[in-house]
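Geometric and topological summary
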Amino acid sequence: MITNQLDKDSVKHRVLEIRKKLAYAAAKSNRNVNEISLMAVTKNVSADLVNVAIESGIRLLGENRAQELNSKYDYYERDNVDIHFIGHLQRNKVKTIINKVDMIESVDSEHLACEIGKQALKNNKTMPILLEINIGKQQTKTGFDPDKVLEAAKAIANMPGVKIRGLMTIPPKENVTYYFEKIKDIYIDISQEKIDNVSMDFLSMGMSSDFEKAISFGSNIVRIGSLMFGSRY
Ligand SMILES: *Cc1c(COP(=O)(O)O)cnc(C)c1O
């Protein structure tokens, strides 16, 4: 699939190293490391190598593309492993993944939430979702405008087949601290609204370069790609 992937031993080693850093960051913030999920982001990584991460104890995978998930799904060793969708999701692809994922973290519009609800109901389930926030209001990024997310949360809370469980974000590379703080405030604000059918349990933020900092701002899902599998390109 790609040429510069790491070998199996390196991935095992890296998972251990990441766990150490995670534990240290949690301790520094007086947090219980067991309350923070370490997600392996699998884009462009072979199913074989993803399975090495699973053998090393990873219990959560993050998938960016519906097509890629569908092609690798049967090769994953999926026992006791959850899969979250974290990439931009087109509405017409929802039905192809609805029975493969345990959560969709990248809900960036009411239309998408509505379609997820529809497909979930067809399959007799309720899909847990996170609202993705475009915290830096970047034109190149998807996600709800931070000023409109409360309103959106209230609308989506009424939709059958989906349940809001928290927020997800990818902050701009500059001023990461500022944006982590901002999203934490939004997370607290929405929690305090106590909207029916919304439970703000998850704050998904932090990637290879900034997960330790994200933990200090309350993240409980860190999404790690390159630090675990090597650079993808
Ligand atoms: C690729 C990706 C990540 C992981 O990024 P790294 O910097 O490689 O750790 C996390 N979240 C999303 C949504 C991604 O697309």
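Just above sits the structure.
Residues numbered from 1 in each chain as written. Predicted model: local features only at pLDDT ≥ 70, side-chain atom pairs only at ≥ 80, totals over all residues. Heavy atoms only, no water.

Tallied over the entire structure, the rule returns eight salt bridges. Across the pair Lys137 and Asp145 runs a salt bridge whose closest N-O atoms are separated by 3.9 Å. Three or more residues are tied together by salt bridges with common partners; here these are Arg65, Glu68 and Lys72. (Salt bridge = Lys/Arg side-chain N within 4 Å of Asp/Glu carboxyl O.)

A separate point is the packing of helix 1 (residues 8–28) against helix 2 (residues 47–55). Where helix 1 meets helix 2, the axes come as close as 9 Å, and the angle between the chain directions of the two elements is 40°. Relative to helix 2, the element helix 1 is oriented oblique. Helix 2 is crossed by helix 1, and the crossing has right-handed handedness. Contacts between helix 1 and helix 2 involve Lys8, Val11, Lys12 and Val15 from the former and Leu49, Val52, Ala53 and Glu55 from the latter. Residues that form the contact of helix 1 with helix 2 fall into these classes: five nonpolar, no polar and three charged. (Axes fitted to C-alpha atoms, helices over the stretch in contact; angles between N-to-C directions. Helix = DSSP H or I, 4+ residues; strand = E, 2+ residues; numbered from the N terminus. Parallel < 35°, antiparallel > 145°, perpendicular 65-115°, else oblique. Left-handed = near helix turned anticlockwise from the far one by under 90°. Contact = heavy atoms within 4.5 Å. Nonpolar A, V, L, I, M, F, W, Y, C, P; charged D, E, K, R; others polar.)

Further remarks concern unusual backbone geometry. For Asn30, which is not a glycine, the phi torsion comes out positive at approximately 55°. At Lys137, a residue that is not glycine, the phi angle is positive and equals roughly 50°. In this structure, Lys137 sits in the loop between strand 5 (127–133) and helix 6 (149–157).

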